[in-house]
Amino acid sequence: MDSYLTIKDILAGYKEGRFSSTELFRYYKDRIARLNPTLNAIITNVDHQHGDFLASQNPLPVIHKDVYSTEDVETTAASNILRGYIPPFDATAVTKLAEANFITLGKANCDAFAHGTTGENSDFGPTKNPYGLEYTPGGSSSGSAVAVAAGLSPLATATDTGGSIRFPASLTNTVGIKPTYGRVSRYGIIAMTSSTDSIGHITRTVWDNAYVLNKTAGYDPHDATSAKVQVDDYLEDIEQGVKGLRLGVPKEYLENIAPEIEKAYREKVDTLRNLGAEIVEDISLPHTEYGINVYYIVTPSEVSSNLARFDGIRFGQERSHFGAEAKRRIMIGTYCLSSGYYDAYYLKAQKVRTLVIQDFAKAFEKVDALIAPVSAVMQPKLGELVNDPIKNYMLDVLTIPVNLAGVPSLAVPAGFSNGLPIGLQIIGDYFDEKLLYRIGYALEQETRYFEQTPKL
Amino acid sequence: MRLDIDHVAKLAKLPLSKEEKELLEPQLNQIVNFIEKLNEVDTESVEPTFQVTGKTNELREDVVAEGLTQDQAIKNAPNADDGYIVTKGVFVDG
Amino acid sequence: MSNKNYETIIGLEIHIQLKTKTGLFSSVSNDSWQAKPNSLTNPVELGLPGALPAPNKTAIEWTQRLGRSLNCRLNTKSKFDRKNYFYPDLPRGYQLSQYDEPFCEDGFLDIKDPSNHTQTKRIHITRIHLEEDSGKSMHKDGKTYLDFNKAGTPLVELVTEPDFRSPDEASVFSKMIQEAVRILDISDADMEKGQMRLEANVSVRKLGETELPNYRVELKNINSFKFMRDAINYEVERQIKALESGEELFQETRGWMEKEQKTVLQRSKEEAHDYRYFPEPDIPPFDFDDDYFARVLKDLPVMPWKKEEDLLNRGVREDYAHLIAYDSAKYATFENLLEKSELAFEELVKVVVNTKDQDSAEAEIERINSKQSSTVGDDALKQAVEKSINDNPNAVDDFKNGKETAIKFLIGQVMRETKGQADAQQAEEMLVNKLS
C-alpha cells in the first residue's frame, strides 16, 4: 500500500476495490506503531477493539489534535494538568467528521493548551519534524502536521489561534486551513483565545482539505459565535484556475524575512502570474507589526480566564500542574485585566485590533486575495528557543494578523531549502475559503510539492 | 516593574514556587515591555473590536435537552462521595 | 435606633432565580429543587473544557419585562461579561454576568411610607441585570461537598440606590419586588428555597449630613424579610456604637448569624475582589430594536400598586382600592363591568368589593338598576368640596404650585365625603373654580 494516500486516493481505492477498510486501518495502525516512537506525533491511540471502521461504509482515518474533546477517549490538551481526563462528550467537529465516516485513530501531540509555536511546550515531549528530526515541525499543532506529513493519517484536525495550523503546515510540506472565525464550531475544543480560536485541519493536498471543510463547516447552536452564513461547496470550482484573479503582495510581510523564504515566495508569485493571475505589488497593511503585541495581550487575557476552570475539583489536577507557558500567559493575562490596567492593555489592544481589521478591509478593496509567507524564518532546531518566550512569540508575526481579523487563510507548500519545507499562505476576505482553495489547488497542481515525501 | 508577581499570582490562584518566581519574573517583565509597544499607536478615535463576527442577539429557545448522568458528571472528579464532588474545605465566603 | 442623632442609609441588592425551563446558558433542566446531587448538569454547567454558553432567550425577555414593570430604561445595546473569581462552586472560575451594559437601568418604584401610609417615597433602581447562579456548597468535617445542579440557573440581580432610611422601607420594597416577579410569573421568589435573596448595604451618618458616608457594609446571609430587619437593626447599632467611640468604619462584607443574632465579618476591604471584568467573547453582544421590544413587552401585566394608584386617582376609597388592586380576579371583574355597566362609578366599586365573582356582581348590578338611583344635591356637593379643601392644605398648595395630580386627590376626598354619590366632573369644576 502507498504510504502517502490522500483522502481522494482512499475513496478511489475503495471504489475500485483495491483494499478493504480492515486492510487500510491495519496499515495505518502498523505505520503509527512503527514511526510514532520516533516522531512523537500521537499521544493517545484509540483502541478499536471491535473495529469501528468495519461497521462503517468506506471509513476514513482521522487524528484529532488533543484539544478536541473526544467522548470516552482521554483528552489532555497535551498537558499534565488534564492527564486522565475522559470527556463525556464529543466536540461538534468530531461529531461531524464521525458522521462523514471519519474514524479516530488517535490524539495528536501539541503545545500544551495549544500555547506555543514549536511543539516544545507539550508535557508529552516535543514532536519531531519528519523532514529533519532535529528540527521543530512548528506548533502548536505539531503532532497534527507531522501525522499527516509522515503518512500516519491523511487527515489531522487542528486549531489556529495565532498561526497554530499554518505555521506547522508550512514547516512540514502540508496543507493547513485556518477558516474564517466562526465557520467551524468551537464547541468541545479546549479554548485558548475564545475570540481568535479557529477550528481547521491539515491534509496533504488542497483537494482533501476542501473535502474536509465541506464536512466540518456550518452553524452550531452550541457555539453562539458560529456563523449562520451559508456554507459553500468548497470542491465545486476548485479546478477553475486563477486566471483573472487579482492577487496582492503585502509589502509589510516581506520585511525582514529569510532569503530562502523570500526566494520560494517570489517564485510562487511568478507561478501564479504565469497561470494568469494579476499580481498587485505593494499592498500595504500598515499595522501588521503591531499584530503580535495585540495578540500577546488579548490571548493571555482570555487564556487567564479560560484556564480558570482548571481547579482540580471537577476534573484534572491542581493548578500547580500547569506548564511554564500556561503560567506565563495566566500571569500576563491576569495582570492585563486587573484593576487599573484594563484600559491600558486589553482595551488598547482591542482598539489596535480594529486598525488591523481595517488594514485587511482596505486590502480586499484592491485584490481578491493576498499571497504571503507564513514564517519569516526557517525551521528552528528543537531546543533553540526554549526559555526565550519573546523569540518564540515572534515566530507567529506573519500569521497573527489574520487571526485578529478573523479572515481565512490557507497554508500550502511553497518549496524546500536544504530539504526543509517552506510554505506560503493565501489570505482571503471573510468566508472566501472557496476562493482560497481554488488558488491553492492551481498552485499545487503546478508545483506538486506534496509528492516530495519525507524519508523515513 | 509594575507587575507585582505575588499579587498577580494570588489573583490568578496560581501557586508558584520560589524557583518559578525567579525564572518567571524577568520573563514577565520582558513580555510586559514587549506588549507596551502598542503605546506607539494612536487609538484616540478608534473603537475597540471584541468580536469579529458582527453577530448580535444569538438566542436559544428555552427547551430542555438531555444532560449528563450523575455518574458522568462526577467520574472525572478526583474526589467524590455519594454523588457530591468533594474538595478540601473552604471558609464561608461570598 | 439607639441614637437619634444618626440617620440610616440602606441600599438593596436583590437576587431572584428565574423559573425558566432551562439554564441561562445551556439546555439543562432548571428544575433542580431536591434533585439528586449533580444529576442535572451538562458540559456547560460543569464548566468542562471546550463547553460554550448559549444564552436563554426567555430569561433575557423576562428580565426585560421585569425592568419595564419597574420603570427601567431597557438598553438597546447590552452584553454579557465575565466576572473572574475563584470559588469551588463556580465551575468556570468566572461568573457570566453583566458589567457596564445591563439589560435594564434607571428604574424606580414608589413605596408607601410604612410610618405614614398616605405618603409615597420613590426608590430609585440603579440597574437590573442577568447572571448565572453558582452551584451549592456544603461544608462538613473540613471538606466542601459540591452539587452543581443549581449552577447556571438564571439569576436576576436588582440594585437600588441607597434610598432607604429604615429597614421597614427596605422590607416594603422587597415585598413589592417579590409580588412583581410573581405577577409576571417569572419566579416563585420563595426565600426559603433561595429563589429570592437579599443583600443590604448599610451605613449611618449624622442627621443633617447630605453626603453619603465613605464606607458601607454589605450584609449577606439574609434569608427572610424578618432577618433583613434584624440584621440591619443590629448593624446600625453596631456602626453607631463604633462611630461614637471614635472608630473609623470601612467597606466590608458581613454575614447575618441568625442563631447568635449578630453580624460577623466575612471579607474586609483588603480582601476585596478584583473581578477583572471583560466582555464575554463566547457570546455575541445584543442590539435590540423597537420590534423586538414590542414583541417582548406585549401583554405586560399591570402591577397592583399601579392599579391601586389609578383607582385612588379615580376617587376610590383607600381600602377598596387596595382590595381590588391586589386581587387580580376582582380587578378583572371591575375592569369588565366598568365597560359594560351604566352604574355610577363608586357604586360599581362597592359592588365589586362586596361580591365574590363577576356573575354575582352582575346580578347585584341588575338588582340596583331596578331601583331608582339617587344623586347628591348641590348643597351637599358644595359642602363636600369645601371640606376637601379645608382638610387638605398640602394638596391645595400642591395644586396651586402646578401639580395637577393634586386635584385628583381632592376629588377623591369629595367622592369619599359623598360616599361616591357626587358627579366627579362636577366636583372637579367646582374645586378648580374655588382654587383659582
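Basis of the calculations
Residues numbered from 1 in each chain as written. Chains lettered and ligands numbered in written order. Predicted model: local features only at pLDDT ≥ 70, side-chain atom pairs only at ≥ 80, totals over all residues. Helix = DSSP H or I, 4+ residues; strand = E, 2+ residues; numbered from the N terminus. Buried ≥ 20, exposed ≤ 12 C-beta atoms within 10 Å, placed from the backbone. Contact = placed C-beta atoms within 7 Å. Nonpolar A, V, L, I, M, F, W, Y, C, P; charged D, E, K, R; others polar. Pairing = 2+ DSSP bridges. Expected span 1.5 Å × (residues − 1). Domains from an automatic or database assignment. Axes fitted to C-alpha atoms, helices over the stretch in contact; angles between N-to-C directions. Core = buried A, V, L, I, M, F, W, Y, C linked by C-beta atoms within 7 Å. Left-handed = near helix turned anticlockwise from the far one by under 90°.

A. Fine view of the overall build of chain B. Helix and strand counts for chain B stand at three helices and two strands. Walking chain B from its N terminus toward its C terminus, one meets helices and strands in the order α-α-α-β-β. Each of the 94 residues in chain B was classed as buried or not, and the buried ones make up 26%.

B. Focus on the overall build of chain C. Scanning chain C from terminus to terminus reveals 13 helices and 16 strands. Projected onto its principal axes, the C-alpha coordinates of chain C cover approximately 80 × 55 × 40 Å. Among the 436 residues that make up chain C, the fraction classed as buried is 44%.

C. Just the interface of chain C and chain B, in detail. Tallying the contact residues gives 42 residues for chain C and 32 residues for chain B. Of all elements in the fold, only α1 (57–69), β9 (143–147), β13 (252–257), β14 (262–267) and β16 (286–287) of chain C reach the threshold of two or more residues within the side of chain C that touches chain B. Top element by residues in the side of chain C that touches chain B is β9(C). It accounts for five residues. Along the lines of polarity and charge, the residues of the side of chain C that touches chain B split into 18 nonpolar, 16 polar and eight charged. Where strand β2 (residues 84–88) of chain B and β9(C) come together, four bridges link them in antiparallel fashion. Within β9(C), the position partnered with B:Val86 by the bridge is C:Tyr145.

D. A look at helix α2 (residues 18–35) of chain B. With 18 residues, α2(B) extends 25 Å from end C-alpha to end C-alpha; this agrees with the ideal 26 Å at 1.5 Å per step. Restricting attention to buried positions, one finds in α2(B) the residues B:Leu24, B:Leu28, B:Ile31 and B:Ile35. The elements touched by buried residues of α2(B) are α9 (288–306), α10 (324–337), α11 (343–366) and α12 (389–394) of chain A together with α1 (5–11) of chain B.

E. Summary view of the interface of chain B and chain A. With 37 residues of chain B in contact, the opposing surface of chain A contributes 45 residues. Listing elements by their share of the side of chain B that touches chain A, those giving two or more residues are α1, α2 and β2 of chain B. The leading source of residues in the side of chain B that touches chain A is α2(B), at seven residues. Here the side of chain B that touches chain A is built from residues that sort into 22 nonpolar, nine polar and six charged.

F. Molecular detail of the environment of C:Asp287. Tracing the backbone through its elements, the reader meets C:Asp287 in strand β16. Along the backbone, C:Asp287 and C:Lys77 are 210 residues apart, and their C-alpha atoms lie at a distance of 4.6 Å. Those residues in contact with C:Asp287, other than ones at most four positions away along the chain, are B:Thr56, B:Asn57, C:Thr76 and C:Lys77.

G. Seen up close, the domain arrangement of chain C. Residue and element names in this part refer to chain C. For chain C, the domain assignment lists domain 1 (6–296), domain 2 (302–373) and domain 3 (375–436). One C-alpha centre belongs to domain 2, the other to domain 3, and the line joining them spans 22 Å. In this assembly, ten residues from domain 2 lie in contact with eight residues from domain 3. Contributing elements (two or more residues each) for the side of domain 2 that touches domain 3: α5 (304–313) and α8 (345–354).

H. Quick peek at the pairing of strand β6 (residues 104–112) of chain C. Relative to β6(C), strand β2 (residues 73–74) of chain C runs antiparallel, the two being bridged by two bridges. Bridge pairing in β6(C) links C:Leu74 to C:Cys104.

I. Representation of helix α7 (residues 206–216) of chain A within the structure. Residues and elements named next belong to chain A. In terms of burial, α7 is a largely internal element, ten of the eleven residues being buried. For α7, every residue scored as buried is listed here: Val206, Trp207, Asp208, Asn209, Ala210, Tyr211, Val212, Leu213, Lys215 and Thr216. The positive-phi residue at the C-terminal boundary of α7 is Gly218, with phi of around 140°.

J. Region of interest: the pairing of strand β3 (residues 102–108) of chain A. Residues and elements named next belong to chain A. Among the seven residues in β3, seven count as buried, and that is most of the element. Judged from the three bridges that link them, strand β1 (residues 42–45) and β3 form a sheet pairing that is antiparallel. Bridging across to β3, Thr44 finds its partner in Lys107. Here strand β2 (residues 60–65) pairs with β3 via six bridges, running parallel. When the sheet's bridge partners are listed, Lys65 is paired in β3 with Ala108.

K. Highlighting the sheet that holds strand β8 (residues 136–140) of chain C. The four strands are arranged β1(B)-β2(B)-β9(C)-β8(C) in an open sheet whose pairing can be described as antiparallel. Edge strands, defined here as strands with exactly one partner in the open sheet, are β1 (80–81) of chain B together with β8 of chain C.

L. Seen up close, the sheet that holds strand β7 (residues 120–132) of chain C. All names here are of chain C. Spatially, nine strands are ordered β2-β6-β7-β10-β1-β11-β12-β13-β14 in an open sheet, and the strand pairing comes out mixed. Here the strands that pair on one side only, and so sit at the sheet edges, are β2 and β14. The pairing of strand β12 (residues 217–222) with β13 spans four bridges and is classified as parallel. Residue pairing in the sheet places Glu218 in a bridge with Thr253 of β13. Here helix α3 (residues 225–244) sits on the sheet in contact with β1 (6–17), β11 (196–206), β12, β13 and β14, set at roughly 25° to β11.

M. Region of interest: the nonpolar core. In terms of nonpolar packing, the biggest core is built from 219 residues, with A:Ala147, A:Ala369 and C:Ala200 touching the most fellow members. The residues touching C:Ala200, leaving out its near neighbours within four places in the chain, are C:Ile10, C:Leu12, C:Ala170, C:Leu219, C:Ile222, C:Met228, C:Ala231 and C:Ile232. Grouped together as the second largest cluster of nonpolar side chains are 16 residues, C:Leu381, C:Ala422, C:Ala427 and C:Met430 included.

N. Expanded view of the environment of C:Ala344. For C:Ala344, the location among the structural elements is in the loop between α7 (328–340) and α8. Separated by 340 residues in sequence, C:Ala344 and C:Lys4 place their C-alpha atoms 50 Å apart.

O. Seen up close, unusual backbone geometry. Residue and element names in this part refer to chain A. At the junction of Gly139 and Ser140, the peptide bond is cis and its omega measures out at 5° in the coordinates. Inspection of the secondary structure puts Ser140 in the loop between β3 and α5 (142–149). The residue Ala114 is not glycine, and still its phi comes out positive at about 65°. Among the secondary structure elements, Ala114 is positioned in the loop between β3 and α5. For Ala114, a count of 29 C-beta atoms within 10 Å translates into the label buried.

P. Seen up close, the packing of helix α11 (residues 393–400) of chain C against helix α12 (residues 405–417) of chain C. Residue and element names in this part refer to chain C. Two numbers describe how α11 lies on α12: the axes approach to 8 Å, and their chain directions differ by 145°. Crossing of α11 against α12: the hand is left-handed. Across the interface between the two elements, Ala395, Asp398 and Phe399 from α11 touch Ala406, Ile407, Phe409 and Leu410 from α12. Looking at the contact of α11 with α12 residue by residue, the class counts come to six nonpolar, no polar and one charged.

Q. Examining the environment of C:Lys226 more closely. With respect to the helices and strands, C:Lys226 occurs in helix α3. Between the C-alpha atom of C:Lys226 and that of C:Glu132, which follows or precedes it by 94 residues, the distance is 27 Å.

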